[in-house]
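Inside the fold
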Amino acid sequence: RNYDRESLTNAYLAATEEKMSVLGAARQFGVPVQTLRDRVKGHIDIDTVKSGKSPVLSEVEEALIVDFLKQMASLGYSYMRTEVLQIATGYAVTAGKRDRNNPFTLRWYAGFIGRWPDLKLVRPKLLELKRAKAGNREIVPAFFGDLSELIKKYDLNDKPYLIFNVKEKGIQQKHTVNCVAGKNASVKEITSLKSSTTTIIGCGSASGVAIPPFFVFAGARMRKELLAGKSAGADGTTSESGLSNSIIFRHYLEHHFLKHVPGRRDDHVLLILDGHNLSHVSVGLEDWARGHNIIIVILPAHTSHFLQPLDVGCYDPFQKIYKDECRKQIIKSKNICEIACNVYSMALSPENLRSAFKRAGIFPLDQTVIEQYLQQS
């Protein structure tokens with residue numbers, strides 16, 4: 001049966017803090033003895049106020065998800081029901097409350113929305129190009145204002161080696177290229193039959209230092225031959241689809257990014273992320289990052305193409321060089337990792353990285369660069 005939350009809380013406090021017997025506390029506050037005993041012994045979370053199976057996440061944990069969704073909404077990001085389920089499942093897995101092969105369902109989602117009436121499902125408005133540009137002109141000054149405060153607060157103004165941007169890039173071995181030929185010619189190109197996606201998590205600093213690439217290969221388990229021909233420091237893992245997710249990205253930060261950040265000591269690191277990709281942002285990520293002196297900066301929605309350094313100056317040349325290298329190397333059966341590592345070193349060169357951060361106005365911090373871009377676009 002249902003019972004009063006306040007009575008249960010008072011009985012719980014009486015039994016745990018005032019050392020009253022469970023039986024005495026249950027009688028005094030009018031709650032079932034077994035109900036109180038289960039909570040005192042930790043079998044059921046104290047936030048559970050209904051009989052039946054205890055919910056997977058406590059009220060406090062669900063509140064973290066709610067706060068996360070609100071925070072991302074303030075930056076212009078909205079999520080569909082399936083994406084909310086991914087976010088909640090990722091958090092539950094990280095918290096040790098759920099197995100990744102047993103995700104939350106729409107039934108859980110319905111209960112979650114019912115428990116948090118300040119969240120609601122809304123139909124997103126279509127954003128016209130002119131309105132998007134006008135919105136950017138309002139968002140950009142606020143973004144640069146916040147970024148300026150963070151750089152000043154953590155004394156990063158003359159430390160470009162501590163300012164990073166991380167971004168994923170999907171690649172495939174199967175490719176097509178355009179060839180110059182006669183008007184009526186039939187041109188054939190040798191290509192790979194493999195078409196599965198491999199994700200590269202790339203990262204570089206404003207000083208021009210690239211973190212070694214981290215690969216997410218499609219497959220059930222990691223095999224050492226997948227990394228054959230890799231460059232120094234490169235590493236990887238697998239997922240069923242070859243796409244990254246919040247769990248893999250957290251692993252990347254903990255075991256790859258921190259390992260390769262140069263000259264850090266006890267200094268804070270500024271890490272710029274694109275919030276559009278759910279594998280980048282997750283509930284609790286910022287708290288974890290703060291504990292490791294990493295300051296997360298999430299780019300506002302619809303600004304990645306001009307505010308994200310890797311998009312601005314590195315991944316376009318990566319795509320062009322990669323296609324060309326695949327075309328040249330395909331008959332030699334070179335490993336995709338070997339090809340991608342070679343291309344990565346060229347596309348995320350010191351010159352390209354420094355230029356990309358400058359063109360995005362991130363380092364040196366220069367809002368006028370973006371204002372000029374917006375006026376011209």
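Residues numbered from 1 in each chain as written. Predicted model: local features only at pLDDT ≥ 70, side-chain atom pairs only at ≥ 80, totals over all residues. Heavy atoms only, no water.

Attention shifts here to the environment of arginine 98. When you line up the elements, arginine 98 lands in the loop between helix H5 (81–94) and helix H6 (106–115). Remark: the alpha-carbon pair of arginine 98 and alanine 88, spanning ten residues in sequence, is separated by 9.9 Å. Setting aside anything within four residues of it in sequence, one finds arginine 98 in contact with Val56, Ala92, Val93, Pro103 and Phe104. Side-chain polar atoms of arginine 98 contact the backbone oxygen of asparagine 102, separated by 2.7 Å. (Helix = DSSP H or I, 4+ residues; strand = E, 2+ residues; numbered from the N terminus. Contact = heavy atoms within 4.5 Å. Polar contact = N/O pair within 3.5 Å; in protein donor to acceptor, adjacent residues only side chain to side chain.)

Before going further, it helps to examine helix H4 (residues 59–74). Given a rise of 1.5 Å per residue, 16 residues ought to cover 22 Å, and the 23 Å separating the end C-alpha atoms of H4 matches this to within 8%. Taken as a whole, H4 has its buried residues at Glu61, Glu62, Ile65, Val66, Phe68, Leu69 and Met72. Seen from one end, H4 has its buried residues packed into an arc of 155°, which puts them on one side. What points out from H4, more than 90 degrees from its buried face, is the exposed set Val60 and Ser74. (Expected span 1.5 Å × (residues − 1). Buried < 20%, exposed > 50% of the residue type's maximum accessible area, 1.4 Å probe, protein only. Arc of directions from axis to C-beta.)

Before going further, it helps to spend a moment on the side chain of serine 239. As for its position among the elements, serine 239 is in strand E4 (residues 235–239). A polar side-chain atom of serine 239 sits 3.0 Å from the main-chain amide nitrogen of glycine 242. Residues contacting serine 239, with those up to four places away along its chain left out, are Val216, Phe217, Ala218, Gly219 and Ile248.

We now examine the packing of H5 against H6. If you want to describe how two helices pack, look at the angle between their axes and the distance between the axes. The N-to-C vectors of H5 and H6 enclose an angle of 90°; their axes lie 10 Å apart at closest approach. The angle between H5 and H6 places the two elements in the roughly perpendicular class. Touching Arg81, Val84, Leu85 and Ala88 of H5 are Leu106, Trp108, Tyr109 and Phe112, all from H6. Classifying every residue of the contact of H5 with H6 gives seven nonpolar, no polar and one charged. (Axes fitted to C-alpha atoms, helices over the stretch in contact; angles between N-to-C directions. Parallel < 35°, antiparallel > 145°, perpendicular 65-115°, else oblique. Nonpolar A, V, L, I, M, F, W, Y, C, P; charged D, E, K, R; others polar.)

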